[in-house]
Amino acid sequence: MNENHELRCVGCARVIAPEALGGNFRCEQCGELYEVEYPGWHGPRQTRPNPSALRWLWRERRSSLAVADRSGVWRFREMLPILNSLGNSSKGTHSRGGDSPGHDSRGDDSGSRGSESGQSHSADSRGGDSFSNDSYSNIVSLGEGNTPLHDLPQSGRRLKLSRLLAKHQGMNPTGSFKDTGMTAAISVARERDAAWVACASTGNTSAAMAAYAARAGMRSLVLIPEGEIAWGKLSQAMDYGALTIQLRTDFDGCVRVLREVVERAPVYLLNSVNPYRLEGQKTSAFEIAEQMEWQVPDHVIVPGGNLANSSALGKGFLEMKQLGLTASAPRISVIQAEGADPLVRSFREFGAEKLEPVRAETRASAIRIGAPASWRKAVRVIQETGGWVEEVSEAEIAVAKAEIGAEGIGCEPASAVTLAGLKKLVAQGKIRGEESVVLILTGHTLKDPDYTIKYHRGELLTEAEETGLEAEIEGTRRNAVLMDASADEVLRELERLAG
Ligand code: F0G
């Protein structure tokens, strides 16, 4: 029994114990999703984690060799006490009413003490990297998180923004932010002795789940829409040994089938309706704050698909504010592709009170989602932080992706909606030059090389799609040049470009 957390329904506010959570992760009363809550954080100050101690401890752990410390998710474990085995690992970071927080944590944090004493952390009998120590035996980690926060000087100059940054979640072990959620949820699954785990996916979730399940010694089932996910991702699921099933439907159809499978078989569901995924994903908010010396940016811009990541980031930023780790929370804005924009329509047509599913169509396959499960959570985050929703066209996404590539960073198409959306928010005067902005780049550029090559060859977009953006497209296109094996020819090309 885990006494550190409980689950609150985002629809009817019903609170349940973790053990009462059904296999479909939905509220029995109203059908909505749950989110993890930590009752201790609402109590007197003495029972809450101490901000200064935590900041010190989290940075200190980066120099540890222990797996749970090296992980960019479990490094922040005081903020996600979701494992029974972690027990009260945040004990030493609680304020004792006195005002020497840093000192508090040095002496007796059980988490850091384990690693400081050079504890071994070999793989345990069920596979996967973990501490041999009981406290950490359920953590399944591939060294996720701790991703870079880059500046984007060229785009920043073009948009006249003094501080434009990109948090590159594509630098996670399987190439997307999904790893940060998967380490959390697979660790919970392991603690509950799950033999089979499953997800429906547009690509990244399948790769992440397959990898973490393999590390944990679990079997995994992946349902993907036939012909609609990038090859790089399909290949990962196969390589990591998942049972990979391509269904003749779209992502939303895969979700429907999986819902029934989970009802009829003992399979642990790892789609983002699983609230523990979001606990892992929220840690990138902590990383951003840490990387900015605990001064959060004015704006964070996130791609919107199933709408779990925007919800998770919002939860992370709002929890930091609640605990006094940061003074404020950024405005969180969500960008969708025009052809997969149910959230934008919900705001426009129904004041975000209801969401009507759409038939999703966009080349940004990761966010080709028409019936987002976590839309209520995302609406709350956008409204609570004062953010916006916006949609961008196929050509705007392609140009933005090429611009991010030209900064030497690169990302997958779905991630590029952030820069495309930012341009619109700046043009509308919603984001001003002196404000700081962080774009969440959710996936790696190598996920979808077909898309990139087609763009640079001029084969991606139709003429109609290019209309109005011809100059931007011309300026960002860099097709490979074919020539005979002659230094003269290569040098002529160099001269042509220099002149
Ligand atoms: N960016 C990338 C690269 C993604 O893979 C996804 C979602 C999103 C953004 C949207 O995040 O769904 O939390 O709003 N990918 C899913 C998958 C659903 O199956 O990999 P979201």
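These remarks concern the structure in this document. Everything numeric in this text was worked out from a predicted model, so none of it was measured. (Residues numbered from 1 in each chain as written. Predicted model: local features only at pLDDT ≥ 70, side-chain atom pairs only at ≥ 80, totals over all residues. Heavy atoms only, no water.)

So, on to the sheet that holds strand β8 (residues 243-247). In spatial order, the strands read β8-β7-β6-β9; together these four strands make up an open sheet with parallel pairing. Each end of this open sheet is capped by a strand with a single partner; those strands are β8 and β9 (268-269). Of the pairings in the sheet, the one linking strand β6 (residues 196-200) to strand β7 (residues 219-225) comprises five bridges and is parallel in character. In the strand pairing of β7, W196 is matched with R219. Those strands touched by helix α8 (residues 231-239) are β7 and β8, and its axis lies near 145° from that of β8. (Pairing = 2+ DSSP bridges. Helix = DSSP H or I, 4+ residues; strand = E, 2+ residues; numbered from the N terminus. Contact = heavy atoms within 4.5 Å. Axes fitted to C-alpha atoms, helices over the stretch in contact; angles between N-to-C directions.)

So, on to the site of the ligand. Within the structure, the ligand sits among 20 residues, and T202, T205, N306, L307 and T442 are positioned closest to it. At 2.7 Å, a backbone N or O of L307 approaches an oxygen atom of the ligand. Contact distances for the ligand include 3.1 Å between an oxygen atom and a backbone N or O atom of A308. Protein contacts shield 98% of the accessible area of the ligand, which totals 470 Å² for the unbound molecule. In this structure, the ligand is accommodated by the largest cavity. Mapped by element, the contributors of at least two residues to the shell around the ligand are α7 (204-216) and α12 (308-323). Of the residues contributing to the shell around the ligand, the split by class is eight nonpolar, ten polar and two charged. (Near = heavy atom within 4 Å. Polar contact = N/O pair within 3.5 Å; in protein donor to acceptor, adjacent residues only side chain to side chain. Areas by Shrake-Rupley, 256 points an atom, 1.4 Å probe, with all protein chains shown as cover. 1 Å grid on protein atoms, 1.4 Å probe; cavity = no way out; pocket = protein on both sides within 12 Å on 5 of 7 lines; lining within 4 Å. Sits in = over half its atoms within 2 Å of the grid points. Nonpolar A, V, L, I, M, F, W, Y, C, P; charged D, E, K, R; others polar.)

This brings us to the sheet that holds strand β12 (residues 389-392). Strand order in the open sheet formed by six strands is β4-β5-β13-β10-β11-β12, with mixed pairing between adjacent strands. Pairing within the sheet leaves two strands with one partner each, and these edge strands are β4 (149-151) and β12. Averaged over all adjacent pairs, the angle separating strand axes in this sheet is 25°, with direction ignored. Sheet topology note: the β4/strand β5 (residues 163-168) ladder contains three bridges and is antiparallel. Looking at the pairing, D151 lines up with L165 of β5. Across the sheet, helix α13 (residues 342-350) lies against β11 (331-337) and β12, angled at about 130° from β12, the strand it touches most.

Tallied over the entire structure, the rule returns three cavities of 30 Å³ or more. If you add up the space inside the largest cavity, you get close to 280 Å³. Contributing to the lining of the largest cavity are 26 residues, with F177, K178, G305, N306 and A366 lying nearest its centre. For the lining of the largest cavity, the element with the most residues is α12, which contributes three residues. Within the lining of the largest cavity, the residues separate by chemical class into ten nonpolar, 13 polar and three charged. (Points joined across faces, edges and corners; volume = space filled by probe spheres on them.)

Another aspect to go through is the pattern of salt bridges. Across all of its chains, the model carries 28 salt bridges by this definition. Taking the shortest distance from any N to any O, the salt bridge between R345 and D341 comes out at 2.8 Å. For R345, a relative accessible area of 33% corresponds to the partly exposed category. Under the relative-accessibility criterion, D341 is labelled buried at 3%. The network of salt bridges with shared partners includes R61, D69, R77 and E78. (Salt bridge = Lys/Arg side-chain N within 4 Å of Asp/Glu carboxyl O. Buried < 20%, exposed > 50% of the residue type's maximum accessible area, 1.4 Å probe, protein only.)

Further remarks concern the side chain of Q169. Relative to the elements of secondary structure, Q169 occurs in the loop between β5 and α6 (178-191). Classification of Q169 by relative accessible area gives buried; the value is 2%. Side chain to side chain, Q169 and T147 meet in a polar contact 2.7 Å long. When residues no more than four places from it in sequence are discounted, the contact partners of Q169 are T147, G175, S176, F177, T180, S284, I440, L441 and T442.

Next up on the list: the packing of aromatic side chains. Tallied over the entire structure, the rule returns six aromatic pairs. With a centroid separation of 4.6 Å and 40° between ring planes, the pair formed by Y38 and W41 is classed as tilted. Each member of the pair, Y38 as well as W41, is classed as buried. Taken together through their ring pairs, the aromatic side chains of W58, F76, F286 and W294 make up a single cluster. The lysine or arginine in question, K354, covers the ring of F350, its NZ or CZ lying 4.5 Å from the ring centre. Lying across the ring of Y455, R477 places its NZ or CZ 5.8 Å from the centre. (Phe/Tyr/Trp six-rings, centres within 6.5 Å; stacked < 30°, edge-to-face > 60°. Lys NZ or Arg CZ within 6 Å of the ring centre and 35° of its normal.)

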